[in-house]
Amino acid sequence: MDAFVNWARNQSITPSEVRTPASADEVARAVRDASSSGRRVRMPGTGHSFTGVALTDGILLRPTALTGILGGGDGWVKVAAGTPLRALNEELDRRGLALANMGDITAQTVAGAIQTGTHGTGREIGGLADQVVEMDIVLADGTLATVRDGDLFDAARVGLGALGILTAVTFRVEPAFLLRSRREPLPFSGILESLDELTEANEHLDFFWLPHTDTCLVKRNNRSPGPARPPGAFKHWLDNVFLENTLFGAVCAVGARFPGAIPRINAISASVLSASEFADRSYKVFTSVREVRFLEMEYAIPRHHLAQALRETRDLIERAGWKITFPVEVRVTPPSDAWLSTAYGRPSAYVACHIYRPTPNDAYFEGVEEIMTRLQGRPHWGKLHTRDAAYLRTVYPKFADFVALRDKLDPQGLFTNDYLNRALGTPPDAPEQSA
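Being a predicted model, the structure only gives us computed values, none of them experimental.

Visitor: So what exactly am I meant to see when it comes to the overall build of the chain here?
Guide: Looking only at helices and strands, one finds 14 helices and 20 strands in the chain. The C-alpha atoms of the chain give 21 Å as radius of gyration, which agrees with the globular expectation for 435 residues (22 Å, within 12%). Expressed as lengths along the three principal axes of its C-alpha atoms, the size of the chain is roughly 60 × 50 × 40 Å. Residues counted as buried form 57% of the 435 residues belonging to the chain. Considering only contacts within the chain whose residues lie at least 6 apart along the sequence, 72% involve residues at least 24 apart. Accessible area for the chain stands at about 17400 Å²; split by element, carbon and sulfur atoms hold 51% of it.

Below, the structure is given as structure tokens:
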């Protein structure tokens, strides 16, 4: 049996069986078969989680046959759970529609993205889970439920796959629109002094701080009436393929071999950053190409703690003497009402730390994690962290309600795994199993 390996190649498992269901009925049959044979069952997406949230040692369901638009109407579209976000964006655009906000990676499946809380950045518009209006979900008893309100809806939108297996998701959509993207380097110290102004003045704010420098690349994306002024084919290739991937990958490889050169490399990178501006269809502005493999940890903190978190992270890196190639990324979102959304109940800021995959640095992640947890941080469910249920219940007001609902719907732990047992606790009637 082939092993399941995630994108970052830091998580893998060999399931007892692999199936490729082509309908909700086939998903339900797999769930019933798993239950009757004492196995577990999960349906991972494309493996873009850095944690073990998607793993199973039982029946692994590949979502590649559960794809496509299933229906649509005034302001909504229903899509099969295994549809890649890239394909959804392109089909919505063909229909003259768009999602109001999204993250910057489009390789994930629809279900995988919302189940782990993919969020993007937005002053007033939240992540993918906040744009969901209905879900079809196969429960542990093998029944198919359609949920559009109530506790199960609020819990399952960021459900970690712990409440059931999604087979279809209905999103709220709107007419396609343009975004004007303005990118420019700004000093780290200046950004800290103007965070509130930057956030309030821009619909979508995203910035990257280059460690060992005082430079941030700030991206401000706001709706534009047009006309569209997309970057030319060469400019797009230069920025998105060559500079951000090919050249950056080479820089990371040099830094891995000669760590002492990283501060100088980052300084050179900062010195060549320049301002640019273009306007294009929203999904093309929201999303980026990511080919250089990395490991990532990201925490959501109350937005008013952001300046403190960034200062402490900068000071920690310099004090510890670590040589960090990858920028630290910062984004913001409004409060969410999905129970396990990292933005539940509070305006949130996200601090994401990355490390080149061939050169992991556990101490870096551990040090930043200590800062973030001291500031009531919530770890992204699909990114590396060491938090367990004892900690998570202190930062999620609806954590106990989520676990109680999980225990009611899946007391035998049909959908659980080691990661979920650590993060949520073990279901009451779950047998002891590994992985």
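Visitor: In this structure, what is going on with helix H13 (residues 399–409)? I would like to understand it.
Guide: An α-helix turns once every 3.6 residues. As a result, residues three or four positions apart point the same way. Taken residue by residue, H13 has Phe399, Phe402, Val403, Leu405 and Arg406 as its buried positions. End-on, the buried residues of H13 take up no more than an arc of 160°, which puts them together on one face. Packed against the buried residues of H13 are helix H4 (150–156), helix H12 (389–395) and helix H14 (418–424).

Visitor: Would you explain the packing of helix H10 (residues 306–320) against helix H11 (residues 362–374) in this entry?
Guide: Packed helix pairs are specified by the crossing angle of their axes together with the interaxial distance, meaning the distance between the axes. Taken N-terminus to C-terminus, the directions of H10 and H11 make an angle of 155°; their axes are 10 Å apart at the nearest point. Taken together, H10 and H11 sit at an angle that is classed as roughly antiparallel. For the pair H10 and H11, the sense of crossing is right-handed. Two secondary-structure elements touch here, H10 through Gln308, Ala309, Glu312, Thr313, Leu316 and Ile317 and H11 through Tyr364, Gly367, Val368, Ile371, Met372 and Arg374. In the contact of H10 with H11, the residues fall into seven nonpolar, three polar and two charged.

Visitor: Honestly, the sheet that holds strand E9 (residues 132–138) in this entry has me stumped. Any pointers?
Guide: Two modes of strand pairing occur in sheets, parallel and antiparallel, and in both the strands are linked by backbone hydrogen bonds. Ordered in space as E6-E7-E11-E9-E10, the five strands form an open sheet in which the pairing is antiparallel. With partners counted over all chains shown, the strands left at the sheet margins are strand E6 (69–73) and strand E10 (144–147), one partner each. The average angle at which neighbouring strand axes cross in this sheet is 15°, direction not considered. As defined by bridge partners, strand E7 (residues 76–80) adjoins strand E11 (residues 165–172) across five bridges and the pair is classed as antiparallel. Looking at E11, one finds that Ala80 is bridged to Ala168.

Visitor: Explain unusual backbone geometry to me, please; I cannot follow it from the model alone.
Guide: With the exception of glycine, most residues fall at negative phi, and the peptide bonds are largely trans. For the bond from Gly226 to Pro227, the omega torsion is 5°, close enough to zero to count as cis. Turning to its location among the elements, Pro227 is positioned in the loop between strand E15 (215–224) and helix H7 (233–257). A positive phi angle, near 65°, is found at Arg9, a position not held by glycine. Secondary-structure assignment places Arg9 in the loop between strand E1 (4–5) and strand E2 (12–13).

Visitor: What's the story with the packing of aromatic side chains in this structure? I'm lost.
Guide: Both the distance between ring centres and the angle between the ring planes are used here to describe each pair of aromatic rings. Taken as a whole and assessed by the stated rule, the structure comprises nine aromatic pairs. On the basis of an interplanar angle of 50° and a centroid distance of 5.0 Å, the ring pair of Phe188 and Trp209 is categorised as tilted. With Phe188 in helix H5 (residues 188–193) and Trp209 in strand E14 (residues 204–209), this residue pair connects regions lying 21 residues apart in the sequence. Ring centres of Phe294 and Phe326 lie 5.6 Å apart, and the angle between their planes is 55°; on these two criteria the pair is classed as tilted. Of this pair, Phe294 sits in strand E17 (residues 294–302) while Phe326 is found in the loop between H10 and strand E18 (328–333), placing the two residues 32 residues apart along the sequence. For Phe326, a relative accessible area of 8% gives the class buried. Taken together through their ring pairs, the aromatic side chains of Trp7, Phe50, Phe248, Phe294 and Phe326 make up a single cluster. The positively charged end of Arg378 is found above the aromatic ring belonging to Tyr396, 4.9 Å away from the centroid.

Calculation notes
Residues numbered from 1 in each chain as written. Predicted model: local features only at pLDDT ≥ 70, side-chain atom pairs only at ≥ 80, totals over all residues. Heavy atoms only, no water. Helix = DSSP H or I, 4+ residues; strand = E, 2+ residues; numbered from the N terminus. Rg over C-alpha atoms; globule rule 2.2 N^0.38 Å. Buried < 20%, exposed > 50% of the residue type's maximum accessible area, 1.4 Å probe, protein only. Contact = heavy atoms within 4.5 Å. Areas by Shrake-Rupley, 256 points an atom, 1.4 Å probe, with all protein chains shown as cover. Arc of directions from axis to C-beta. Axes fitted to C-alpha atoms, helices over the stretch in contact; angles between N-to-C directions. Parallel < 35°, antiparallel > 145°, perpendicular 65-115°, else oblique. Left-handed = near helix turned anticlockwise from the far one by under 90°. Nonpolar A, V, L, I, M, F, W, Y, C, P; charged D, E, K, R; others polar. Pairing = 2+ DSSP bridges. Phe/Tyr/Trp six-rings, centres within 6.5 Å; stacked < 30°, edge-to-face > 60°. Lys NZ or Arg CZ within 6 Å of the ring centre and 35° of its normal.

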